Amino acid sequence: MREIVLDTETTGLDPLRGDRLVEIGCVEMFNRMPTGQTFHRYMNPERDMPAEAFAVHGLSAEFLATKPLFPEVVDEFLEFIGDAPLVIHNASFDISFINAELDRIKRAAIPRERLVDTLLLARRKHPGVSNRLDDLCSRYAIDNSHRTKHGALLDAELLAEVYVDLVGARQSQLLLASEGEEIRINAAGDTPRRQRLTPLAPRISDAEREAHRAFIATLGDKAIWNEFLPAPAAVDPAG
C-alpha cells in the first residue's frame, strides 16, 4: 500500500486570516517503508513573515521571495501524492492550509477521508501525555538531534519513522537478507536494509560459554557434527 507522509510550514496559524503556505515536504512509503522518493518545495507566500513564525522554522520573507508561487508547484505536488492516503501529524492544520491554497486557484480540495492523523493515533495509544513530534521521537528512540527548527521535509522524514512504530509495523520490516543487500519494493525504488546504530549486547555470558565448551568436550571425537567440519589443513613436513 502506498502512503504519503506530509508536513508543511506556514506564515502563521490561520489561513482564513491571511496566513499562507511556505513549505511542503512529502515522503513516499510503500507497505510502511520509505521508498526514498520525496517531494520538497519552498513557496513565496507573497506577504511578510511574522517574527513568531520565523522563530519556528527560520524561513525569512527575503529567502522565500525568490521561490515559486503555489500555482507553479501545485501540479507537481498533486502528481506526487496521487490518490494515496496522507499521513500527517495534526492533519487538520496542514490540510486547511493546503486546501486554502487550492481554493485560491479554483482547484478541488483534498478530502479529509484521505487523512491519517498521527496525532490522534498517538493520543489513543499514549493517552494523558504530550504527543508532539519531538516527544514521540524520544519515546520511540528516534534520533531527532538535528531538528533545531521545524522543516517540512525533515519533519516528514521523522514522522515516517514515528508512524511505523505507532501502527506497530516495525516488526514487519525485519528482512532476512545479508548485510548491505538492497531490497526492491514493488518497483518503487531500492531501499537499503535498516542497520542498528548500536549493536545489541551479547546475551550469552562467559560462564555459559564455558559450560557449553565443557559439555561439548564430554561428547568425544565421534559427535555427529564433526562429520561436517572441514578437514584440517595438511602440514608440510618440510616446514
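Look up: the structure comes first, before these words.
Every value quoted in this text rests on a predicted model; they were computed, and no experiment measured them.

Caption draft 1: The pattern of salt bridges, seen in detail. Taken as a whole and judged by the stated rule, the model has ten salt bridges. As a salt-bridge pair, R41 and E76 come within 2.4 Å of each other at their nearest N and O atoms. One end of the pair, R41, is in strand β3 (residues 33-42); the other, E76, is in helix α3 (residues 70-81), with 35 residues separating them in the sequence. Ionic contacts of the salt-bridge type, sharing partners, join the residues D19, R47 and D48 into one network.

Caption draft 2: Structural detail: the packing of aromatic side chains. Within this structure, the stated rule accounts for four aromatic pairs. Seen from their ring centres, F39 and F77 are 5.8 Å apart, and the 45° between their planes marks the pair as tilted. One end of the pair, F39, is in strand β3; the other, F77, is in helix α3, with 38 residues separating them in the sequence. Taking the relative accessible area as the measure of exposure, F39 reaches 3% and is therefore buried. For F77, a relative accessible area of 0% puts it in the buried group. One aromatic cluster is present, built from ring pairs that chain together F39, F77 and F80. Here the guanidinium or amino end of R2 rests over the ring plane of F80, the centre of that ring lying 5.7 Å away.

Caption draft 3: Inspection of the packing of helix α5 (residues 118-125) against helix α7 (residues 152-166) at higher detail. Between α5 and α7, whose axes approach to 11 Å, the crossing angle comes to 40°. In terms of axis orientation, α5 runs oblique to α7. Helix-helix and strand crossings are classified by hand; for α5 and α7 the assignment is left-handed. Residues T118, L121, A122 and K125 of α5 lie in contact with α7, whose contacting residues are L159, Y163, D165 and L166. Of the residues in the contact of α5 with α7, the class split is five nonpolar, one polar and two charged.

Caption draft 4: The packing of α3 against helix α4 (residues 91-104), seen in detail. For the pair α3 and α4, interaxial distance at closest approach is 11 Å and the crossing angle is 115°. Classified by chirality, the crossing of α4 by α3 is left-handed. Of the residues in α4, those touching α3 at F70, V74, F77 and L78 are I98, E101 and L102. Looking at the contact of α3 with α4 residue by residue, the classes come out as six nonpolar, no polar and one charged.

Caption draft 5: Region of interest: the sheet that holds strand β1 (residues 2-10). If you trace the five strands from one edge of the open sheet to the other, you get β3-β2-β1-β4-β5, paired in mixed fashion. In the strand order of this sheet, the two ends are held by β3 and β5 (115-117), each with one partner. Along the sheet, successive strands turn relative to each other by an average axial angle of 25°, direction set aside. The pairing of strand β4 (residues 86-88) with β5 spans three bridges and is classified as parallel. Across the sheet, residue V87 finds its bridge partner in β5, namely V116. Each of β1, β2 (21-30), β4 and β5 is contacted by α4, which is oriented at about 80° to β1, the strand it contacts most. Contacts between α7 and the sheet are confined to β1, β2, β3, β4 and β5, with β2 contributing the most and set at about 35° to the helix.

Quick notes on the rules
Residues numbered from 1 in each chain as written. Predicted model: local features only at pLDDT ≥ 70, side-chain atom pairs only at ≥ 80, totals over all residues. Heavy atoms only, no water. Salt bridge = Lys/Arg side-chain N within 4 Å of Asp/Glu carboxyl O. Helix = DSSP H or I, 4+ residues; strand = E, 2+ residues; numbered from the N terminus. Phe/Tyr/Trp six-rings, centres within 6.5 Å; stacked < 30°, edge-to-face > 60°. Buried < 20%, exposed > 50% of the residue type's maximum accessible area, 1.4 Å probe, protein only. Lys NZ or Arg CZ within 6 Å of the ring centre and 35° of its normal. Axes fitted to C-alpha atoms, helices over the stretch in contact; angles between N-to-C directions. Parallel < 35°, antiparallel > 145°, perpendicular 65-115°, else oblique. Left-handed = near helix turned anticlockwise from the far one by under 90°. Contact = heavy atoms within 4.5 Å. Nonpolar A, V, L, I, M, F, W, Y, C, P; charged D, E, K, R; others polar. Pairing = 2+ DSSP bridges.

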